[in-house]
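Observations on the three-dimensional arrangement
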Amino acid sequence: MKIQAQVREDLAKATKGGDRVTTGAARLLLAALEYKRMQNPQAASMEGISDDEEISVVKTEVKKRQEAMEIYHKAGDKAREEQEQVEMDYMMKFMPAQMGEEEVRAVAAKVKSQLGGGVSTGILIGKVIAAIGKDKVDGSVVARVVNKSLLSS
């Protein structure tokens, strides 16, 4: 089932059930998906955006929530931080399973050995993301692993 259809279904259930938290999070995600659809005239006239585009939108929205949580945490605004966490938790259910740091470290070591010595950090990060698949790993995790463990050795 496409993400947009599932979000619409969740929104309808949450609205009928009086679940304000899910209603709010679903509305935010649905608005972002609709905005993406409207940006692409071809998708607007057809059935909608592709699955990859939907995942990209979800990923962007999750990242926005993570950044907002950091800001609210630094500002000491616990209530807003918790609200962002709830929204992010809802949106995360639409994300493909993400690789953990240990798995990323293993792939990164393999890619680095294939490329040989003297490879730049940026190229190595790009090759690792390409090897894993951009929807299965967060680029910041790859960057952290590459910078921390592989280049220091």
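So, here's what we can say about the structure.

Quick notes on the rules
- Residues numbered from 1 in each chain as written.
- Predicted model: local features only at pLDDT ≥ 70, side-chain atom pairs only at ≥ 80, totals over all residues.
- Heavy atoms only, no water.
- Helix = DSSP H or I, 4+ residues; strand = E, 2+ residues; numbered from the N terminus.
- Buried < 20%, exposed > 50% of the residue type's maximum accessible area, 1.4 Å probe, protein only.
- Contact = heavy atoms within 4.5 Å.
- Lys, Arg positive; Asp, Glu negative; His and termini not counted.
- Charge placed at Lys NZ, Arg CZ, Asp CG, Glu CD.
- Salt bridge = Lys/Arg side-chain N within 4 Å of Asp/Glu carboxyl O.

A word on the overall build of the protein chain. Scanning the protein chain from N- to C-terminus turns up eight helices and zero strands. Listing every helix and strand of the protein chain by position from the N terminus yields α-α-α-α-α-α-α-α. Overall size of the protein chain, expressed as C-alpha extent along the three principal axes, is 60 × 45 × 25 Å. With 153 residues in all, the protein chain has 33% of them scored as buried. For the protein chain, contacts bridging at least 24 residues in sequence account for 61% of all contacts bridging at least 6. With 24 positive and 23 negative side-chain charges, the protein chain shows a separation of 3 Å between the mean positions of the two kinds.

Looking now at the pattern of salt bridges. For the coordinates displayed, the defined rule picks out twelve salt bridges. Here Arg8 makes a salt bridge to Glu34, at a shortest N to O gap of 2.6 Å. Of this pair, Arg8 sits in helix 1 (residues 3-17) while Glu34 is found in helix 2 (residues 20-39), placing the two residues 26 residues apart along the sequence. Arg65 is the salt-bridge partner of Glu87, the closest N and O atoms lying 2.9 Å from each other.

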